[in-house]
Amino acid sequence: MRQRLSSEPDRYRGRRRVPTPPRSRYAAVVTTAFVGAGMVALGAAALPDAKSVSPSVLDELKQASITSQDVAARADSDDRASRDSRAETKASTEQDAWLLPLQGYDFNAPYGMHGGKLHTGVDLVAPEGTPYVAIHAGAVTKAGWFGGYGYTVIVKHADGSEAIYGHSSAVTVKEGQQVKAGDQLGLVGNTGHSYGAHLHLEIHVNGDPRDPVPWLQDRGVDIKMQVEAFYSDVTTP
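Residues numbered from 1 in each chain as written. Predicted model: local features only at pLDDT ≥ 70, side-chain atom pairs only at ≥ 80, totals over all residues. Heavy atoms only, no water.

Per an unreviewed UniProt entry, the protein chain goes by M23 family metallopeptidase and derives from Micromonospora rubida.

Draft legend 1. Quick peek at the nonpolar core. Counting 29 residues, the largest nonpolar core has Leu102, Tyr132, Val153, Tyr165, Leu185, Leu216 and Ile223 as the members making the most contacts within it. Among the secondary structure elements, those contributing two or more residues to this core are strand E4 (122–125), strand E6 (138–145), strand E7 (151–156), strand E8 (162–171), strand E10 (184–188), strand E11 (198–205) and helix H3 (212–217). The biggest single contributor to this core is E11, with four residues. (Core = buried A, V, L, I, M, F, W, Y, C linked by side-chain atoms within 4.5 Å. Buried < 20%, exposed > 50% of the residue type's maximum accessible area, 1.4 Å probe, protein only. Helix = DSSP H or I, 4+ residues; strand = E, 2+ residues; numbered from the N terminus.)

Draft legend 2. Local environment of the environment of Ile164. For Ile164, the position within the fold is in strand E8. The exposure class of Ile164 is buried, given its relative accessible area of 5%. Discounting chain neighbours no more than four positions away, the residues touching Ile164 are Tyr149, Thr152, Val153, Ile154, His200, Leu201, Glu202 and His204. (Contact = heavy atoms within 4.5 Å.)

Draft legend 3. Seen up close, the pairing of E6. Inspection of the sheet shows E6 paired to strand E9 (residues 178–179) by two bridges, in the antiparallel sense. Bridging across to E9, Gly138 finds its partner in Val179. Of the strand pairs in this sheet, E6 and E7 are connected by six bridges, and their pairing is antiparallel. When the sheet's bridge partners are listed, Lys142 is paired in E7 with Ile154. Remark: five residues form the turn of the hairpin made by E6 and E7, two consecutive strands paired antiparallel; Gly147 in that turn has positive phi of roughly 60°. (Pairing = 2+ DSSP bridges.)

So this is what it looks like as C-alpha cells:
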C-alpha cells in the first residue's frame, strides 16, 4: 500500500463524518415502526363499520339496554315501596306510642286518699312554664279553664280513655285538634285549686278515674321512675 505523502492534499480535511448507528439500534427503530403500523392497522380492523354489524348483534344490544332499564325501574319502585312502608310503620307507631308528659319532674301526691278526700290523679312538680306533652294520640275535647283544675287540656284516646292535664299556666292546643304522642299541649302552672307549680295528670276510663301509675305501666310507661319503654324515636324522618 502506498503511503500518502505529507505534501499531498487531504481530500477529507474539513469534512464531518456521520457515524453509522449500531446495528442493534437501527434494528430496534425499524422494528418499532413496523409494529406501530401493524397496531394501527389492527385497530382499524377492530372497529367495524355500522353497516357491517350483524342485525342479531344489534338486537342483542338493544335487548340488553331494555333489560337494564327494566332493572333500574324495578329498583326505583322497590325503593318507593320501602319508603312508603317505613312511613306507614312510623304513623302506626305514633298512634300506638305512650310516653311521659314531662321530663325531669318530681313525682308527688300519688293517686289515693289525702285528708279524707280521693286524689284522683298524680302531681308532677316542675318549674312554672315547663312545656308538657300528650302521653298518647287522641282528640282534644277540652282546652281552657276547667273549675278547680284551672287551665286544663283533656285528650280522648282511640280506646275511649281520657287524659286530663290540670293547673296549666297556658294551653297551646284548641278543642277538636288531633294530637300525637309527644305533641305539646300546654305549660306547667299553678292555676285553679293548686298548692304550687305542677302538672296534675288524671286518667279516666268510661268516666271513672284510674290510678295512672299501674295503668301507664301496662302501656310501657313508668311515671314514677320516669321511664318510657314503648316509645322509641318515632319522630325521626
